[in-house]
Amino acid sequence: MEFTFAQYEESAAAIRQRLGGFVPQVAMVLGSGLGYLGDQVEDAIVVPYGEIPHFKSSTAPGHKGQLVFGRLEGRNVAVMQGRMHHYEGYSYEAVSYAVRVLRLLGCQTLIVTNAAGCVNTQWKAGELMLITDQIKMFSESPLRGENLPQFGVRFPDASQLYTPRLRHLARQAANELGITLREGVYFYCYGPQYETPAEIRAVRALGGDAVGMSTAPEVIVAGHCGMEVLGFTLLSNMAAGILDQPLSEQEVLDAGNAAREKFSGLVRACLRKL
Ligand code: HPA
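Okay, so let's go over this structure.

The rules behind each value
- Residues numbered from 1 in each chain as written.
- Predicted model: local features only at pLDDT ≥ 70, side-chain atom pairs only at ≥ 80, totals over all residues.
- Heavy atoms only, no water.
- Helix = DSSP H or I, 4+ residues; strand = E, 2+ residues; numbered from the N terminus.
- Rg over C-alpha atoms; globule rule 2.2 N^0.38 Å.
- Buried < 20%, exposed > 50% of the residue type's maximum accessible area, 1.4 Å probe, protein only.
- Lys, Arg positive; Asp, Glu negative; His and termini not counted.
- Salt bridge = Lys/Arg side-chain N within 4 Å of Asp/Glu carboxyl O.
- Contact = heavy atoms within 4.5 Å.
- Pairing = 2+ DSSP bridges.
- Right-handed = clockwise from strand over helix to strand, strands pointing away.

Some words on the overall build of the protein chain
For the protein chain, the helix and strand inventory stands at eight helices and nine strands. For 274 residues, the compact-globule estimate of 2.2 N^0.38 gives 19 Å, and the C-alpha radius of gyration of the protein chain, at 17 Å, lies within 12% of that figure. Seen along its three principal axes, the alpha-carbon backbone of the protein chain occupies a region of about 50 × 40 × 30 Å. Considering the protein chain as a whole, with its 274 residues, one finds that 57% of them fall into the buried category.

Structural notes on the side chain of Glu195
Position of Glu195 relative to the elements: it lies in the loop between strand E7 (181-188) and helix H5 (197-205). In this structure Glu195 is buried but unpaired, with Arg204 as the nearest side chain of opposite charge at 11 Å. Setting aside chain neighbours within four positions, we find Glu195 in contact with Cys189, Ile200, Val211 and Ala240.

As for the side chain of Ser11
Note on placement: Ser11 falls in helix H1 (residues 5-19). Accessibility expressed as a relative area gives 0% for Ser11, which makes it buried.

Thoughts on the pairing of E7
Burial within E7 is extensive, with six of its eight residues counted as buried. Where strand E6 (residues 128-135) and E7 come together, seven bridges link them in parallel fashion. Across the sheet, the residue bridging to Ile131 is Gly184, located in E7. By the bridge criterion, three bridges tie E7 to strand E8 (residues 210-212) in an arrangement that is parallel. The partner of Tyr186 across the bridge, within E8, is Ala210. With H5 bridging E7 and its parallel neighbour E8, the resulting β-α-β unit is right-handed.

What follows is the structure in structure tokens.
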């Protein structure tokens, strides 16, 4: 166990001091190239990760590395503009540290977003996917080590990590906006190298529809501490080997930019319905 309960509380207390009585309800993690929504928060209070005790910094491109607290669609939100990844050298516990801190601050709901490779050949790059479930079985759990019972039980259920009620709201929101919303399984891979074509065939055989390097650890931790979770993937590129072309980080960031109105519109519509 890397962090004690007291450390989580210390981080929460340091943030609380900056919030002047504001209590966030909905935590949001914005992935590669998707930080845009954080800039739309009203009455924003910005807290850089570097100013929060025990927080790691976010070094990935398209990740600003700050928490933005404020109002969005009438909800009190806490937006993580940029997340931590295991490939940056952090443990899974460190990667998901912020989720527990946001839970202590009052958030009951977590909305996660990411960019990922599209494994399902029926779909197209640029489309959005509602995450119905995830696979992260080849790497250790963020809950490894002594359990902190203040957050949850030793052996938490994971049969409904992505809350059915919220998935239903997301479907309705996409329908109303006329947005095509695919539904599928997010398969976690370590990175930072993109996958090989053989790995993608394996991912498909195992039931993955999208492949990415984030999200799954945070969602396990959120489920452990009793948060409701809603997850969206921007299918930023066809996964390795599907098209006869190499993958690039630029392609992922460009896809994020191109989809930002559609993506933020959908997330905002979901916030209104929460
Ligand atoms: N693989 C893994 N992570 C990703 C990809 C991908 O193809 N695209 C965006 N993030």
